[in-house]
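Fold and geometry: a report
Each chain is listed here by its residues.
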Amino acid sequence: MTNQKVVVSDAKSGIGMTINGSPNNSSLFSANQPPAAAGATIWRKKPLKKLETGGGGGVGGARVVNGNWVDSMRASSPTRKPSSPFSETDQDYTRNSWISRYPSALGMFDQIIKASNGKQIVMFLDYDGTLSPIVEDPDRAFMTSEMREAVRDIAKYFPTAIVTGRCRAKVYNFVRLSQLYYAGSHGMDIRGPANGSKYKKDNKAVLFQPAREFLPMIDEVYKALIDKTKSTPGAMVENNKFCVSVHFRCVDEKSWNALAEQVRSVLNDYPKLKLTQGRKVLEIRPTIKWDKGKALEFLLESLGYANSDEVFPIYIGDDRTDEDAFKVLRDRGQGFGILVSKIPKETNASYSLQEPSEVMEFLRRLVEWKQSLLPAQ
Ligand SMILES: O=P(O)(O)OC[C@H]1O[C@H](O[C@H]2O[C@H](CO)[C@@H](O)[C@H](O)[C@H]2O)[C@H](O)[C@@H](O)[C@@H]1O
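**Comments concerning the overall build of the chain**
A tally of helices and strands in the chain yields ten helices and 14 strands. Restricting the contact set of the chain to residue pairs at least 6 apart, pairs at least 24 apart contribute 64%.

**Some points on the site of the ligand**
Around the ligand, a shell composed of 24 residues is seen, among which D128, P138, T164, G165 and S245 lie nearest. Of the residues contributing to the shell around the ligand, the split by class is six nonpolar, eight polar and ten charged.

**Brief notes about the sheet that holds strand β4 (residues 160-163)**
Reading across the sheet, the eight strands line up as β7-β6-β5-β4-β3-β12-β13-β14 and stay open at both edges, with mixed pairing between neighbours. The strands lining the two open edges of the sheet, one partner per strand, are β7 (207-208) and β14 (351-353). Strand direction decides the pairing type here: strand β3 (residues 120-125) and β4, joined by three bridges, are parallel. What sits directly across from F124, in β4, is A161.

**Some details on the confidence of the model for the chain**
With 79% of its residues at a pLDDT of at least 70, the chain reaches an overall mean of 83. The low-confidence segment residues 1-36, where pLDDT is below 50, has 69 contacts with residues more than four positions distant or belonging to other chains. Note on residues 45-67: pLDDT is under 50 here. Beyond four places in sequence and across chains, it has 67 contacts. Among the prediction metrics, the complex's ipTM stands at 0.99, with pTM recorded as 0.83.

**Describing the environment of C167**
Position of C167 relative to the elements: it lies in the loop between β4 and α5 (168-175). Between the C-alpha atom of C167 and that of N240, which follows or precedes it by 73 residues, the distance is 4.1 Å.

**Quick look at the pairing of β3**
Where burial is concerned, most of β3 is hidden: five out of the six residues are buried. Bridge count for β3 against strand β12 (residues 311-317) is six bridges, and the pairing is parallel. Note on β12: the bridge partner recorded for V122 is P313.

**Quick word on the packing of helix α6 (residues 215-229) against helix α7 (residues 256-267)**
Running from amino to carboxyl end, α6 crosses α7 at an angle of 145 degrees, the nearest separation of the two axes being 10 Å. Both α6 and α7 take part in a crossing whose hand is right-handed. Taken together, the residues of α7 that come into contact with α6 (itself represented by V221, A224, L225, K228 and T229) are L259, Q262, V263, S265 and V266. Looking at the contact of α6 with α7, its residues break down into six nonpolar, three polar and one charged.

**A look at the nonpolar core**
Grouped together as the largest cluster of nonpolar side chains are 54 residues, with contacts concentrated most on F124, I162 and L299. Among all residues touching F124, those that are not within four sequence positions of it are A161, V163, L296, P313, I314, Y315 and A325. F214, V244, V263 and L282 belong to the second largest nonpolar core, which has 28 residues in total.

**Some remarks on the packing of helix α4 (residues 145-157) against helix α10 (residues 356-373)**
Two packed helices can be described by the angle between their axes and the distance between those axes. Closest axis-to-axis distance for the α4/α10 pair is 9 Å, and the angle between their directions is 35 degrees. Two packed elements cross with a definite hand, and for α4 against α10 that hand is left-handed. Of α10, the residues touching α4 (which contributes E146, M147, A150, V151, D153, I154 and Y157) are P356, M360, L363, R364, L366, V367 and K370. Looking at the contact of α4 with α10, its residues break down into ten nonpolar, no polar and four charged.

**Observations regarding unusual backbone geometry**
In this structure, N117 takes a positive phi of about 50 degrees despite not being glycine. When you line up the elements, N117 lands in the loop between α3 (109-116) and β3. Unusually for a residue other than glycine, R176 sits at a positive phi of about 55 degrees. Inspection of the secondary structure assignment puts R176 in the loop between α5 and β5 (181-184).

**A word on the pairing of strand β11 (residues 281-286)**
Burial within β11 is extensive, with six of its six residues counted as buried. Pairing of strand β9 (residues 244-247) with β11 involves four bridges; the strand directions are antiparallel. Bridging from a neighbouring strand, H247 pairs with V281 of β11. Pairing between strand β10 (residues 273-278) and β11: six bridges, direction antiparallel. Paired with Q277 across the strands is L282, a residue of β11. Between the end of β10 and the start of β11, which pair antiparallel, lie two residues, with K280 showing a positive phi angle near 55 degrees.

**Here we look at the environment of A258**
One can find A258 in helix α7. The class for A258 is partly exposed, based on 15 C-beta atoms found within 10 Å. Once the C-alpha coordinates of A258 and V70 are considered, the two residues, 188 residues apart in sequence, prove to be 9.9 Å apart.

**Things to note about α7**
Because each turn of an α-helix spans 3.6 residues, side chains separated by three or four positions end up pointing in the same direction. The first and last C-alpha atoms of α7 sit 16 Å apart over twelve residues, in line with the 16 Å expected at 1.5 Å per residue. Within α7 the residues assigned to the buried category are L259, A260, Q262, V263 and V266. Along the long axis of α7, the arc covered by the buried residues comes to 155 degrees, so they all point the same way. Relative to its buried face, α7 has exposed residues pointing more than 90 degrees away, namely N257, E261 and S265.

**Description of the environment of V163**
Here V163 shows up in strand β4. Remark: the alpha-carbon pair of V163 and K114, spanning 49 residues in sequence, is separated by 26 Å. Those residues within four positions of V163 in sequence are excluded, and the remaining contacts are F124, L125, D126, A183, G187, K292, A295, L296 and A325.

Rules of the game
- Residues numbered from 1 in each chain as written.
- Predicted model: local features only at pLDDT ≥ 70, side-chain atom pairs only at ≥ 80, totals over all residues.
- Helix = DSSP H or I, 4+ residues; strand = E, 2+ residues; numbered from the N terminus.
- Contact = placed C-beta atoms within 7 Å.
- Near = placed C-beta within 6 Å.
- Nonpolar A, V, L, I, M, F, W, Y, C, P; charged D, E, K, R; others polar.
- Pairing = 2+ DSSP bridges.
- pLDDT = per-residue confidence, 0-100.
- Buried ≥ 20, exposed ≤ 12 C-beta atoms within 10 Å, placed from the backbone.
- Axes fitted to C-alpha atoms, helices over the stretch in contact; angles between N-to-C directions.
- Left-handed = near helix turned anticlockwise from the far one by under 90°.
- Core = buried A, V, L, I, M, F, W, Y, C linked by C-beta atoms within 7 Å.
- Expected span 1.5 Å × (residues − 1).
- Arc of directions from axis to C-beta.

Below, the structure written as structure tokens:
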């Protein structure tokens, strides 16, 4: 994992503007960037803590309704190794039994290929924690050039989509591969390759934004959240266009409840928005029935595989919001999900990988396998 430090503000670009932690600081925005610019992250300076090394122990499913999601976030994304009443042998046992339920996709590579049985593999890739390591500053979650190369190669042989909670434009800036499909804002902003896709049977361009009517409301709630959380050192609010993220990662754990309360108090005025939880982040989004699982189905349909038995989708992701997509694959009995995690978690995925470097290795092996089937040139 790359340890990246939080970067000093880049007010000119409007991305990642640093705001002094003092509640007296009133100058929140750069003059030439409106605060609601999608992709912008607003945060307050605070000494940084050690990064987490993975998620953990949480329940599956993205939605957090009425529950104590601060406790849930603490459990699913521990800052440090939890002190355990169990011995190391017990923990080894837990890890081993989890791995036997969700074996490594690398170890099971041959079986996975066999299961695909000549069908068209379609790749779905989450971004944060899957293609890029988790870092403290969301605006610096870069993928390595080796990973970009691996994704570019995968897209040469299989239809490939990035499915992310991020704003689509922002994730495109990280990935910079024009031949992919991008589903930003948890699938609420889907766009296909500008020049059409070689995998698509018709030539129609794909652009799908099922939550367009919520844009003004999201902008409004983004501004309200910035204002409400400005007294909390380390809190960050990120505008993801059709949803908003409030980051807890750089906030002292003692202030998590207070920050969560601030978020909840803003949300009270917006019954048409709901909260979901990710890795040290609360995500605010429209209550429409749309998620990463629906985005996966939409993309399969637009590729011409709506009711086809000839498709084998593989979805790789690390977060609770990816569970919606894992579940769709389980329910369809097609393809499978791969959870990226070092820590045992309840999941609807079928296999596991520990970290982005293993994801890259898996992608490379798929490419090598596919190339081995092609006639020698
Ligand atoms: O669906 P994803 O691509 O996994 O996006 C989910 C959230 O990812 C980002 O936050 C996460 O990664 C950050 C950078 O490593 C990290 O600082 C943060 O703690 C993680 O939650 C993104 O910034 C959020 O807006 C997305 O909702």
